[in-house]
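A look at the structure
In case you want the letters, here they are:
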Amino acid sequence: MEQLLEYFGAFSGLLYLFLEIRQHRAMWIVGILTSLFYIFVFFFSKIYADMGLNVYYVAISIYGFRKWTQGKKQEEILYRTLTPRLLAGVLLAIAALFALLYNILYRLTDSPIPVGDAFTTAVGIVATWMVARRIIEHWIFWIVANGVSVWLYYQRGLYPTLFLYTCYAILAAIGWYAWKKKGTKRHDNTL
């Protein structure tokens, strides 16, 4: 049963990424399904922060869907770029989340990979918020997080998920290019 959930999660995760690259708002609905599958996959694999991250993904997917459907035509795609001030805030948020998650995982769980799990989760939380806000550089953060995740899932024997995250890392580069080509740039310091 656990492996079947992992295969369904990997398939829906690839569909999510395809829709994200195309900037289609249905990605958020598929994202909810993917996250629900992975809540269970990561629980059974003792990757607790990633499990919690998927709970967050369900909530942020609802937020993202609302943000992406608020009175804008689908053809009118605007994206924000990171300013130095916003980048500082993003990096500070990642560092704070990492410290918090690492301490929780190290002290309160039997996680075999607390450093990697805390890192990928911290970056994932912030990068997903960046997607919802249409900050184009979220793709760079995903390349890093997905690369580390590949190594973690290899260590835990989650091979379909390893394949999914390898695809995520490769397709994140494609997504970054596609968004830059398709979008209209807007500088914005608002969080």
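Structure's up top.
Description of the structure in this document. Predicted, not measured: the structure shown is a model, and the values here were computed from it.

Cut-offs and rules
- Residues numbered from 1 in each chain as written.
- Predicted model: local features only at pLDDT ≥ 70, side-chain atom pairs only at ≥ 80, totals over all residues.
- Heavy atoms only, no water.
- Helix = DSSP H or I, 4+ residues; strand = E, 2+ residues; numbered from the N terminus.
- Buried < 20%, exposed > 50% of the residue type's maximum accessible area, 1.4 Å probe, protein only.
- Expected span 1.5 Å × (residues − 1).
- Polar contact = N/O pair within 3.5 Å; in protein donor to acceptor, adjacent residues only side chain to side chain.
- Contact = heavy atoms within 4.5 Å.
- 1 Å grid on protein atoms, 1.4 Å probe; cavity = no way out; pocket = protein on both sides within 12 Å on 5 of 7 lines; lining within 4 Å.
- Points joined across faces, edges and corners; volume = space filled by probe spheres on them.
- Nonpolar A, V, L, I, M, F, W, Y, C, P; charged D, E, K, R; others polar.

Quick notes on unusual backbone geometry
The phi angle at Q23 is positive, at roughly 60°, despite the residue not being glycine. By the secondary structure assignment, Q23 is in the loop between α1 (2–21) and α2 (27–44). Taking relative accessible area as the criterion, Q23 reaches 1% and is therefore assigned buried. A positive phi angle, near 60°, is found at K46, a position not held by glycine. Along the chain, K46 falls in the loop between α2 and α3 (48–68).

A look at helix α5 (residues 114–132)
Compared with the 27 Å implied by 1.5 Å per residue over 19 residues, the 27 Å span of α5 between its first and last C-alpha is a close match. Within α5, 17 of the 19 residues are buried, which leaves it mostly tucked inside the rest of the structure. Where α5 terminates, the next one or two residues include R134, which has phi positive at roughly 60°.

Describing the side chain of T128
Checked against the element boundaries, T128 lands in helix α5. Here the side chain of T128 touches G124 through a polar contact of 2.7 Å, landing on its backbone oxygen. Not counting residues up to four positions away in its chain, the partners in contact with T128 are Y56, Y57, I60 and W142.

Observations regarding empty space enclosed by the protein
Within the structure shown, the criterion is met by three cavities of 30 Å³ or more. A volume near 310 Å³ is recorded for the largest cavity. Taken together, 20 residues make up the lining of the largest cavity; nearest its centre are Y16, Y57, T128, W142 and Y168. Going through the elements one at a time, α1, α2, α3, α5, α6 (138–155) and α7 (159–182) are the ones with two or more residues in the lining of the largest cavity. In terms of residue class, the lining of the largest cavity is built from 12 nonpolar, seven polar and one charged. Reported here for the second largest cavity is a volume of approximately 60 Å³. Together, 13 residues line the second largest cavity, and D50, L53, Y57, S149 and Y165 are the ones closest to its centre. Looking at the lining of the second largest cavity, the elements that each hand over two or more residues are α3, α5 and α6. If you tally residues by element for the lining of the second largest cavity, the top one is α6, at five residues. Of the residues in the lining of the second largest cavity, the class split is seven nonpolar, five polar and one charged.

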